[in-house]
Every structure is written in structure tokens, then in C-alpha cells.
Amino acid sequence: MQDRRAVVITGVGVVNAAMVGASPALGAWLARPRAAACVPVGGRPAARLPEATLAGLIDPAEARRLSRVCQLTIAGARVAVAESGIDPARGLGLVVGSELGDFTSTIAFADGYLARGASGLSALLFPNTVMNTMAATTAIAVASRELSLTLNVPGVAGELAVARGAAAVAGGRVDAVLAGGVDEIDPLVAEMLGALGDQPMRGEGATFLVLEAEATARARNAAVLGRIDGVAWRSLSARPWGVGRRAASRAIDAARARAGGAAPGWVYGSASADTALSAWESRVLRAALGADLPAASLGGLLGQHGGLGALRVAAAAWTARSGLLPDDDGAPATRVSGPGLVHGLARGGGHVALMVGAA
Amino acid sequence: MEAKEVFDELKTILVARLKFDPRRAAEVAETTPLPKGVEGSIGLDSLDFIELSIAIEETFGVVLDESEELTAHFASFETLARFIVSRRGAA
Amino acid sequence: MRRVVVTGLGAVSPFGAGVKAYWAGLAAGACAIRPLTLFESDGFRCRIAAEVPELTAGSPRRSRADRLALGAALEAIDDAGLADADRAEIALIIGAVGGGMLEAEEWYWARARGEHPAPGAALRAILPGSHAETLGHRLGLGGPRHTVVTACSSGAVALAEAAELIADGVVDVAVAGGVDGMTRLCFMGFNTLKLLDPEPCRPFDKDRRGMSIGEGAGFVVLEAVEGARARGARIYAELAGHGMTTDAFHVTAPEPEGEGMARAMRAALAAAGVTVGAVGYINAHGTATPQNDRIEARAIAQVFGEGRVLVSSTKSMIGHTMAAAGGLEAVATVLTLTQELIPPTATLVTPDPEVTFDCVPRVAREAAVECAISNSFGFGGQNVTLLFRRA
């Protein structure tokens, strides 16, 4: 079997209602986490980005042809690429995770037809009705010409995209990958999710990480922000969109095995206002790790969205560097040491585990 | 319909269908070029031109046949307005 | 890295349910592109499509696309002899685009008429990722599970993803495929972009005018070769390599020199350790748009030289099945190796002089080839090539 390569993080880009910027902006927020401001959308509070913030991130001529969720993606991707200093011409892959894609454009496209028939259809909107639109437009914006993947899974889209990107680098498929997640808040979608019993507060935004083979990153003297030492993803048994009962996780064991058997000292988990799901996650973590480790989630502060899972990986790198695990409720940070686990568990059983350590 | 009226309608289409900012649309002159890559143009690409053709059909009733060579007519607002006026006259 | 083989095939196509019906149609050079029946098409230039004639799998409660996927996936698992196997470690990777959009459209259209339909099942199933949720649960598959959405190359990407998981030793067995059901959004959208031919599409023809849209599902079972041999599985072919590149050029138009397409093909050859001379057949993306076919032919010529390799587009028979295309066309490509028969470009009348290949016009051709490739070049420049080698 091919030797697996060490994977490091060399750039981070975060765009959401609480912060915009690279790893220093994320670090400053993690040192004193404050909840993103919420506004009512579709009858529920949501951590929505102010329009002026987004307008400031994209040039108007470019923005004309980019849907809102594509703008969020490109804004986050560009910050990460800039921080890493990587030259995309040397080969850059792209993995984008999203729970909801570009429903805003899909709804507008359908509305055009319902209002005015065939001549009401917009050619400009049509490409946005396919969920790879964020990846397609971002690949053009950052000149990424290697593999390009868009992953649509409930709940753990961001974690999965980073895990998938790390696996591609570790397995020697590509030397560098821009991996992350994005989602936006749309009023009709928020209303529909509410009607379907979706519980966590929704947020929006994009978080992207530049992942590289450690050897190539060191060779170009890149600043290394953290390491991803092992990743795995599996499915726990559950009805679609249901909460399961079994706690035995193969994903956590497999990620730890890839990381040389390391035991994590702390966890970023996907716990949220969805109490049944959070209880299941606690049982899974306890069964795999033997105890209740210090844990953070950030979901209540930033809102559930595809970018959040990727943000947790970037946050884990910060925690591994700083030795501080932020508290979701405003209490002082917990002092921790050693590597940690980023854990995602979704309704339906989607299950992702990443072992993250310091450079 | 005169060329001036057509030009004003095209500016409306710039905003309503091609998503231009109203201030940017108000700034265009008859001589402003349309296609991307031409100096001073408003930068339309192939997808924009498809959207524009749909809008022209809906607004002016002029049906565009893709098999025709139409590039010269889409060079600027002026050439496009004249083209639309002549097609409407012929109809 | 471990070698990956195909041990099961499943298909629901415009020729009907099952691989047998699918291959029979392809071998006969039949065209399944007919007037659209699933929803209204008044006011559109193109009013034909390749619909699946009848849904036989799953209950009527499920979305159309779910039922297509279920039919093909069940057939593939059964074909691989895994019906009673322990599936706790089996991966499931699906390529999808439309998801349950057809049913969601019906909900939304009803809402627009002033009705108050309940959001329930239709909306749960709307996302492309929902097939993996329902199939994964229904089939008891507990390994890695995810959905890739890469436009027209989604099905091919799903197979490549599954192959990587096996090659890297993450799993020993994977179920992978692509699915797309007919939707108003897709049909209206491609009509709006003027990319559809009002008549059945004619790939590589001098007078081609655009695509035809189809629907269906194509699934395979992939395994590490050691495990397949150990359990005495029937091995159809080896998935010997794949290449995945991005044009990063334009959201709808392909890059005119076909550089990304050529790179994908070369990467597949390199991954398989195979020279161009070993490839005897290319199942082209071949959508019949003036642009795609010209650029794809140019890219093929760049990699393989002019002439020699046989090229055909099965989209001439089943249309462009969107996310299902990569899966259905992989099934067809595997069968060309085992059946030693190349499916034709069924609607080809006058070959385009710019296309320097024998595109197997109208009638299937007997030929034994060592390796065959399947190209899927998605909207937004997402290029994937799968390379299959005789077992």
C-alpha cells in the first residue's frame, strides 16, 4: 500500500456573520468567542451576513455574475489562498461541502417561469441550479485545475470536505487542496427547514483551508498552521434524518489509527440545539474515547452551515497551537494539550472524524 | 419604435436581466461596446448574450436565429438598436 | 495501491429496467428519445427526451429519482452476489444533481397556484444527497457514504471516488453509481440555453444541433481484486485508472482547446500504466452540442493521435442522462469489453469532417479491445475519464 503523506494546513479563510479573515481573525474570535448577530429569516433567528459586508468582499463587476452563495465561497477561498501564499499554477484541487447549495437561484429560476412562461427563464441563473456552481465559479476565481469535488451530505458537509481533501493529499493524488464548506440562508428554505423540524439555529458563510503535503509546504517555506494526522468517514445506522442508537464508531478508531494511534485530549463536536442528536454524539464519543473529554462546538455561536464544520478544523489547529479550547457559553477557555479530534455526526448517521495537531 | 427608445429599453434589460447596477447601466452610451475583451465595453460574455437574446425576444418580439451571423449587430448598443429597429420594421 | 475490479452491474435506462434491456437497446442501435410525457413542454423549442418507460423499483411514496437509484443499486448488489453479505463495511458513493426535484417542483407549482401543499416528503428528498441517505439505510451499507455533485460528470466521479477508497485500503467493497430523474428545471434550463436539438441528438454529425435529455441510473459494485478472487466473484473488468481535472475557464462553455479534457485522459492512462495503443474504444461524452463534440474530438486526437481508436456516443440512444451518464456509460463501457461489441453512434448520418475518428455509425461493431475509456465532461469544466481493462 502507498505510503501516506503528512498533511498540513497552510491557509485559512473565514467569512461568516461573526468574522471575516484569515487565521489571525479566527484566532482573535476564538480567544473571545462572541455570538454572531441574528436576524429573523423565514420565521426563525439566523446568523445572516450583513449585505454590506459581503458587498465589500467582491468586486461589483465580478459580483454581477455570481450568486450570493458563490460570492461567499469565493470570498472565503481567496482569503485562504492568499494566507497560504500558494501558487495555484503548481496544482491546486478543490473540495466544497454544502448542505443546501444555491436554492436562492433555483427558486428565482422557477419563479421566472411561473411568472412569465418560457421567456421568463434566465440563462444566467440556470448554471446555479446545479450544486457544483460554487466549485465551478471558485475554480475560475482561484485558478484551481486539478480535481474538483462538491459534496452534498446532511449536517457534516464541511468536516467531510476537509477530510476528503486531506485524504487526497495524504494519498498522493494531489499536492495541495483548497477544502471547505459553505451555505447561505434563504428565507423560503429556512421556512421549509423549520416546517420539517430542523432544530439548530442556522448560520451562513464559508470556511476554507489550504491543505498541503508537508514536504512541499516546507520546501516553499510556508507557514504551517497545523496538521491533519488522520481522517475517516463512515455511516452509523439510523433512519434517514433520524437519530440512531448504536454508539460504536469505526470512524473515530480509523482516524486515530491513521494518526498513529494517538489519543485526542479534546474534541470539537457537532453538538447543537438538536438535543437528541447531541445526546447520540455524546454516547458515541464516550464509547470511543472512554471518557468525557473537554469539548467545544461553536454551533450556538455561529449557526449551523456547511462552513462551520471546516471552521472547527481550523479552530482545532488554533487550539493545538494555543493550548486553549473555547467555551460555547462564555466561560473562560479550558487549558488543553496534545492533539484533538474534530467530530461530526449528522442525522441519518453521516459520521466524520479528523485528528488535528500542532505543526 | 425608434433607435433611442430601443436604447432605453436595452438599458432596462441591463438591470432587470443582466443584473447590472442601475448606476452603471445609466452610464452607458450608444457607442459603448458590448462584448468582453473590447476596451471600454460593459463586458458581456457568451452566457450574457444568450440572456440578452431571450430578453430581446420578449421585449421587442424579434426572434434571433442562432444560425445567422449576428456578431456585428451585437458590437455596441448603437448597432444592436439599429438591428432591432430594422427587424421590427421588416416584421 | 490495490487494484479495483467491477463485480456487479445495475441499470435503469430509457430502454427499461435492468442491464439486459439496456444492453439490448445499445447493441441494437435503438433510439429511446421520444416526445416528453412527464410534464408540459409547451412553448419550448425542444419537446423530446429519453424517459424511463416504467418505474419498477421502490414504492410510489419515494421520489422518482430515488426509485431509479434503488432499482439500479439493488441489481448491482444482487449481480455481485452480495445479496446476503455483511454490508456493515461497504461504501456507498452516489453522483447526483437533480435529486427529488421533480416532486419538489410539483409542490412549488401547487403553491404558486394558491394551494397549500404540505412540505413533507417531497422536500426531504429534494437534495441530491438524499439518495445516499435513503439507499444507505435501505441497503444497510455502513461504510463511507457521500454524494458528489459535479454536474454531468457526477456519476463518473462517484465511481472514481469509490475506486480511491478501495485502492487506499479504506474499504474492500463499494457500491457506486449515478442517478438523475427528469425535472422541469433541467429540461427548461437547457432549452433556455439553446443547447437542445428539437430532433434526437446526433453526436459527431456534421449537422448536429444540440443535446437530448435523458434520465436513469447506472450503478456498479467495485472491489479490491484479492477479495473478489477469494470469494469467487465474477469479475467483469478492472477499473484500472481514472483522471479528474477542471477547466476553470467558464461556467458553461468548455475551454476551446480541450486541454482539461486531454489532461484527464492522460491522467487515466498514467494511473493505469497503459499506453495509448492499448485503448481500442472511447465511450465519448459526445453530447452532440457543436462545441463539445468538436473540442472532445480535438482532445482525443491530441492524446491518441488521429484515427485508430473507435469512438462512439451512447447519448445518441439514451440522451444525456445528466448525473446518471457517468454510471450508465461505465456500465456500457464494461460490457463492450465483455461482449466484444462496440455500441454505435446510432443517429450518425454524415460524420463531421473535423472529427478524425471512426464513430461507429448506426450499427454496433464487433471488436475485442484490451482497454476502453469512458469520458464525462461536466458543465463548468469538470472533466473525468475512467479507464477499464479486460479482466
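Small disclaimer: the values here were computed from a predicted structure and weren't measured.

Another aspect to go through is the overall build of chain C. Along its length, chain C carries 12 helices and 15 strands. Here the C-alpha atoms of chain C give a radius of gyration of 19 Å, agreeing with the 21 Å that 2.2 N^0.38 yields for 391 residues. Per-residue burial for chain C yields a buried fraction of 66% across its 391 residues. Summarising the internal contacts of chain C: among those between residues at least 6 apart in sequence, 80% fall at separations of at least 24.

This paragraph deals with the overall build of chain B. Regarding its fold elements, chain B presents four helices and zero strands. In sequence order, the secondary structure elements of chain B are arranged as α-α-α-α. What you see for chain B is a C-alpha radius of gyration of 12 Å, in line with the 12 Å of a compact globule of 91 residues. Reported as C-alpha extents along the three principal axes, the dimensions of chain B are approximately 35 × 25 × 20 Å.

What follows covers the pairing of strand β4 (residues 44-47) of chain A. Residue and element names in this part refer to chain A. As paired elements, strand β3 (residues 39-41) and β4 share three bridges and run antiparallel to each other. Directly across from P40, in β4, lies its bridge partner P45. Two successive antiparallel strands, β3 and β4, enclose a turn made up of two residues, where G42 displays a positive phi of approximately 55°. Of the strand pairs in this sheet, β4 and strand β8 (residues 202-203) are connected by two bridges, and their pairing is parallel. Residue pairing for β8: A46 is matched across the bridge by R202.

On to the interface of chain C and chain A, then. Taken together, the contact pairs 47 residues of chain C with 47 residues of chain A. Of all the secondary structure elements, the ones that give two or more residues to the side of chain C that touches chain A are α3 (101-112), α4 (120-124), α5 (130-139), β6 (145-148), α6 (154-167), α7 (184-192) and β9 (237-246) of chain C. Partitioning the side of chain C that touches chain A into residue classes produces 22 nonpolar, 20 polar and five charged.

What follows covers the pairing of strand β16 (residues 350-357) of chain A. Residue and element names in this part refer to chain A. Counted residue by residue, β16 has eight buried out of eight residues, so it is predominantly covered. Every second residue of β16 is oriented toward a common face, with G350, V352, L354 and V356 on one face and H351, A353, M355 and G357 on the other, all of them buried. When strand β10 (residues 226-235) meets β16, the two strands line up antiparallel, connected through eight bridges. Paired with S235 across the bridge in β16 is G350. Across six bridges, the pairing between strand β15 (residues 340-345) and β16 is antiparallel. Bridging from a neighbouring strand, L341 pairs with M355 of β16. Here β15 folds back onto β16 in antiparallel fashion, the turn holding four residues, of which G348 has a positive phi close to 95°.

To continue, consider the confidence of the model for chain B. Overall, the predicted model of chain B reaches an average pLDDT of 92, with 99% of residues at or above 70. Confidence scores differ between elements of chain B, with helix α4 (residues 77-90) of chain B showing the lowest mean pLDDT of 92 and helix α1 (residues 3-16) of chain B the highest of 95.

A word on helix α5 (residues 103-116) of chain A. Residue and element names in this part refer to chain A. Relative to the 20 Å expected for 14 residues at 1.5 Å per residue, α5 spans 20 Å between its end C-alpha atoms, a close match to the ideal helical length. For α5, the set of buried residues is F103, T104, S105, T106, F109, A110, G112 and Y113. Following α5 by one or two positions, G117 has its phi on the positive side, about 70°.

Residues and elements named next belong to chain A. Taken together, three strands build an open sheet; the order of strands is β3-β4-β8 and the sheet is mixed. With one partner strand each, in any of the chains shown, β3 and β8 form the two edges of the open sheet. Relative to β4, helix α8 (residues 187-195) is tilted by about 125°, and along the sheet it contacts β3, β4 and β8.

Taken together, the contact pairs five residues of chain B with six residues of chain C. A per-class count over the side of chain B that touches chain C returns three nonpolar, one polar and one charged.

We now examine the packing of helix α1 (residues 23-31) of chain A against helix α13 (residues 306-322) of chain A. Residues and elements named next belong to chain A. Between α1 and α13, the least distance of the axes is 10 Å, while the angle of their chain directions is 75°. Here α1 is positioned roughly perpendicular relative to α13, judged by the angle of their axes. Of α13, the residues touching α1 (which contributes S23, L26, G27 and L30) are A314, A315 and W318. Of the residues in the contact of α1 with α13, the class split is five nonpolar, two polar and no charged.

The next thing to look at is unusual backbone geometry. Residue and element names in this part refer to chain C. Of note in this structure, K194 is not a glycine but carries a positive phi near 60°. Within the secondary structure layout, K194 lies in the loop between α7 and β8 (216-224). On the neighbour-count criterion, K194 (17 C-beta atoms within 10 Å) is partly exposed. For R362, which is not glycine, the phi torsion reads 65° and is therefore positive. Relative to the elements of secondary structure, R362 occurs in the loop between β12 (341-342) and β13 (365-366).

Turning our attention to the environment of C:A27. All names here are of chain C. Locating A27 in the fold gives a position in helix α1 (residues 19-28). A27 sits 60 residues away from R87 along the chain, and the two C-alpha atoms are 34 Å apart. Residues contacting A27, with those up to four places away along its chain left out, are L341, P343 and A364.

On average, residues of chain C carry a pLDDT of 96, and 100% of them reach 70 or more. Taken over the whole predicted complex, pTM reads 0.97, whereas the ipTM for its chain interfaces reads 0.97.

The subject of this paragraph is the packing of helix α4 (residues 68-84) of chain A against helix α6 (residues 133-142) of chain A. Two numbers describe a pair of packed helices, the interaxial angle and the distance between the axes. All names here are of chain A. In contact at an axis separation of 9 Å, α4 and α6 are set at 40° when each is read in the N-to-C sense. Between α4 and α6, the interaxial angle falls into the category oblique. Crossing handedness for the pair α4 and α6: right-handed. Here α4 contributes V69, C70, T73, I74, A77, R78 and V81 to the contact with α6, which in turn contributes T133, M134, T137, T138, A141 and V142. Looking at side-chain class alone, the contact of α4 with α6 contains eight nonpolar, four polar and one charged residues.

About the thresholds
Residues numbered from 1 in each chain as written. Chains lettered and ligands numbered in written order. Predicted model: local features only at pLDDT ≥ 70, side-chain atom pairs only at ≥ 80, totals over all residues. Helix = DSSP H or I, 4+ residues; strand = E, 2+ residues; numbered from the N terminus. Rg over C-alpha atoms; globule rule 2.2 N^0.38 Å. Buried ≥ 20, exposed ≤ 12 C-beta atoms within 10 Å, placed from the backbone. Contact = placed C-beta atoms within 7 Å. Pairing = 2+ DSSP bridges. Nonpolar A, V, L, I, M, F, W, Y, C, P; charged D, E, K, R; others polar. pLDDT = per-residue confidence, 0-100. Expected span 1.5 Å × (residues − 1). Axes fitted to C-alpha atoms, helices over the stretch in contact; angles between N-to-C directions. Parallel < 35°, antiparallel > 145°, perpendicular 65-115°, else oblique. Left-handed = near helix turned anticlockwise from the far one by under 90°.

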